[in-house]
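Structural features, examined
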Amino acid sequence: MATATALRQPVVIQGGMGVAVSDWRLARAVSVTGQLGVVSGTALDVLLTRRLQSGDPGGHVRRALAAFPRPEVSRWILDSYFVEGGIGAEGRFAQVPRHTLSSSVRLQELTVAAGFAEVFLAKEGHDGLVGINFLRKIELPLPATLYGALLAGVDFVLVGAGSPADIPGMVRHLASHQPVTVSVKVMGARSTDNVGDLVFDPAVALPQRPATLPMPRVLAIVASTDLARGLAENPETRPDGFVVEGAAAGGHNAPPRGPRRVDEIGQPVYDERDVVDVADILSLGLPVWLAGGYGTPDKVAEALALGAAGVQVGTLFAYSDESGFDADVKAQMREKAVAGELQVRADWRVSPTGFPFRVADIPGTLTDVTVRAARKPVCDLGVLRSAYLKADGEVDYRCPAEPLAQYVRKGGREMNTEGRLCLCNALFASAGFPQRRPGGASEAPLVTSGTDLEPVVHLIGASDGPGYGAADAVAHLLSRIS
Ligand SMILES: Cc1cc2nc3c(=O)[nH]c(=O)nc-3n(C[C@H](O)[C@H](O)[C@H](O)COP(=O)(O)O)c2cc1C
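So, a few notes on the structure that sits alongside this text. Nothing here was measured: the structure is a model prediction, and the numbers come from that model.

To continue, consider the overall build of the chain. Looking only at helices and strands, the chain has 17 helices and 15 strands in total. In terms of C-alpha radius of gyration, the chain reaches 21 Å, essentially the compact-globule figure of 23 Å for 482 residues. Looking at the 482 residues of the chain, the share that counts as buried comes to 49%. Looking at the chain alone, contacts between residues at least 24 apart form 69% of all its contacts between residues at least 6 apart.

Structural data, given as structure tokens:
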């Protein structure tokens, strides 16, 4: 039997923010304040290799890999990717193989090690709580990353963007080093086709089974009472709590219920059908954190008065000193926010996932039409690809943001590509790890942010420097209740 971690409960959860916006530095900075710091679990395999190819300043990744329980895995990763002094501004990052239903042993090892390293660094040297965030839609690397996080002693697993029904069971199995099977949706396949099972066996990474790992708590990120109720009613899918997220949040948002409705600039229109009754979710008997526009001391007090355990906050932490945004990008975001000139809108087309995605209009990024027109489509990270069944019965993968001819050749519909962008490359660029293309051009960033900018502007105004730390953000959030 797995043992439960001591039930310390945070008031503030710093929301998981990919790619690398909530990296181990931010999560650690929040965690040492006594609240819950959360690392993003998205594309950690690619991120780790890019950090190593950037020379691993400070030696953090190498230190984490030195603690990974399979030294020979750490060794081949370093031999393959570490570049002393970094590849330099002209260098191009090596390609990491893309995940499939049957990823190579090496890719699985790399992914486990990457999940381990991110959580290890966030937890290093203190006993605060650390969580990891997953987007359920990105399923191929999920079990391997989760296993790595468990090996590093992660305290919370938070899952949104899709139904996290299978996550509590997956955590239980992986904590006792049992193989798991994820049923991956393969477009065009019938259940009788028998394709789509992704099997991850922890023995791939650790052939000798260590003792059962401590069980983290699983929080489901939901935007509807129906989903929360469905999860809570079945003991197999019942999480340990809910984060209820509204549409002000950064990153991907849940689409509105009912027929598709958009405003004059293409944003989804929400109405009363989308309002979640917090009392209803509380009646399920599990702790609840409220998210999306809860980044002020008043909203924290309001959440607690409603009976919630606390809040999950993203935007306020995304603009803090420790977040993983590229320094120039962050400086522009702050400057425009303070000037009251930062437009943040929900774009229903841009994300290949089909979910609305919040973007901040910033010159020089992909919201700028000239920058966007100059980008040549290329799909080389493939994190958001989905599986489909080919005519010959084999499974292949496609993404509506890949080059059009390639997508259509794979049976994708042209109309589905309209307005899409390669979020994989764009978000790596906004985290300061852009791919360089032949001829020297770099991939351009795209910035996601929530709309709750008032506390950001407040804290920047209150600081002596250009910004504020994550600990300042936590102290501000708790200032009315402590
Ligand atoms: C830059 C950014 C990236 C985000 N990425 C993710 C993500 O990868 N996964 C996720 O579940 N939520 C993501 N979110 C949502 C946050 O975790 C959090 O729930 C949300 O931002 C809360 O609303 P607030 O921004 O109004 O505080 C992101 C938010 C921001 C601002």
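Moving on: the site of the ligand. In the region of the ligand, 29 residues are neighbours, and Gly15, Gly250, Gly251, Gly314 and Gly450 sit closest. Only β3 (130–135), β11 (310–313) and α11 (315–318) provide two or more residues apiece to the shell around the ligand.

In terms of nonpolar packing, the biggest core is built from 144 residues, with Ala113, Phe116, Ala117, Val119 and Val157 touching the most fellow members. Top element by residues in this core is helix α5 (residues 105–123). It accounts for 11 residues. Those residues within four positions of Ala117 in sequence are excluded, and the remaining contacts are Leu48, Val61, Ala64 and Leu65.

Here the focus is the pairing of strand β9 (residues 241–245). Counting buried positions over the 5 residues of β9 gives 4, a clear majority of the element. Taken together, the 4 bridges between strand β8 (residues 217–222) and β9 define a ladder with parallel strand orientation. Across the sheet, residue Ala220 finds its bridge partner in β9, namely Phe242. Summarising the sheet, β9 and strand β10 (residues 288–291) pair through 4 bridges and their orientation is parallel. From the neighbouring strand, Val244 faces β10, where its bridge partner is Leu290.

Cis peptide bonds are those with omega within 30 degrees of zero, and the linkage from Gly18 to Val19 qualifies with -10°. Position of Val19 relative to the elements: it lies in the loop between β1 (12–14) and α1 (24–31). At Ala43, a residue that is not glycine, the phi angle is positive and equals roughly 55°.

Bringing the packing of helix α3 (residues 60–67) against helix α4 (residues 71–81) into the picture now. Where α3 contacts α4, the two axes come as close as 8 Å, and the packing angle between them is 155°. By the angle between their axes, α3 is roughly antiparallel relative to α4. Crossing of α3 against α4: the hand is left-handed. Within the contact between the two elements, α3 uses Arg62, Leu65 and Ala66 and α4 uses Ser74, Ile77 and Leu78. Taken together, the residues of the contact of α3 with α4 break down into 4 nonpolar, 1 polar and 1 charged.

The next point concerns the sheet that holds strand β4 (residues 156–160). For sheets, the rule is that strands pair by backbone hydrogen bonds, running either parallel or antiparallel. Pairing is parallel across the open sheet formed by 8 strands, whose spatial order is β1-β11-β10-β9-β8-β4-β3-β2. Across the chains shown, the open sheet's two edge strands, defined by having one partner strand only, are β1 and β2 (37–40). Geometrically, the sheet is characterised by an average inter-axis angle of 25° between neighbouring strands, direction not taken into account. Here 3 bridges tie β1 to β11, and the two strands are oriented parallel to one another. Within β11, the position partnered with Val12 by the bridge is Val311.

What counts as what
- By convention here, each chain's residues receive numbers from 1 onward along its written sequence.
- Reporting in this predicted model follows two pLDDT cut-offs: at least 70 for local features of residues, and 80 or more for side-chain atom pairs to be given and counted; totals over whole chains, interfaces and linings ignore these cut-offs and use all residues.
- A helix here means a DSSP run of H or I that spans at least four residues, while a strand means a run of E at least two residues long, and both kinds are numbered starting from the N terminus.
- We take the radius of gyration over the C-alpha atoms and set the globule estimate at 2.2 Å times the residue count to the 0.38 power.
- Exposure criterion: with C-beta atoms placed from backbone coordinates, a residue whose C-beta has 20 or more other C-beta atoms within 10 Å is buried, one with 12 or fewer is exposed, and one in between is partly exposed.
- By the criterion used throughout, residues are in contact when their C-beta atoms, derived from the backbone, lie within 7 Å.
- The rule is simple: place the C-beta atom from the backbone, and if it lies within 6 Å of a molecule or strand, the residue is near it.
- One nonpolar core equals one set of buried Ala, Val, Leu, Ile, Met, Phe, Trp, Tyr and Cys residues connected by C-beta atoms within 7 Å.
- When DSSP finds at least two bridges between two strands, those strands are taken to pair.
- Lines fitted to the C-alpha atoms define the axes, with helices restricted to the stretch that makes contact. Angles between their N-to-C directions range from 0 to 180 degrees.
- In these notes the angle categories are as follows: under 35 degrees is roughly parallel, over 145 is roughly antiparallel, 65 to 115 is roughly perpendicular, and the rest is oblique.
- Throughout, a crossing is termed right-handed when the near helix is turned clockwise from the far one, and left-handed when it is turned anticlockwise from it by less than a right angle.
- Residue polarity is assigned by list, with Asp, Glu, Lys and Arg as charged and Ala, Val, Leu, Ile, Met, Phe, Trp, Tyr, Cys and Pro as nonpolar; anything else, Gly included, falls into the polar class.

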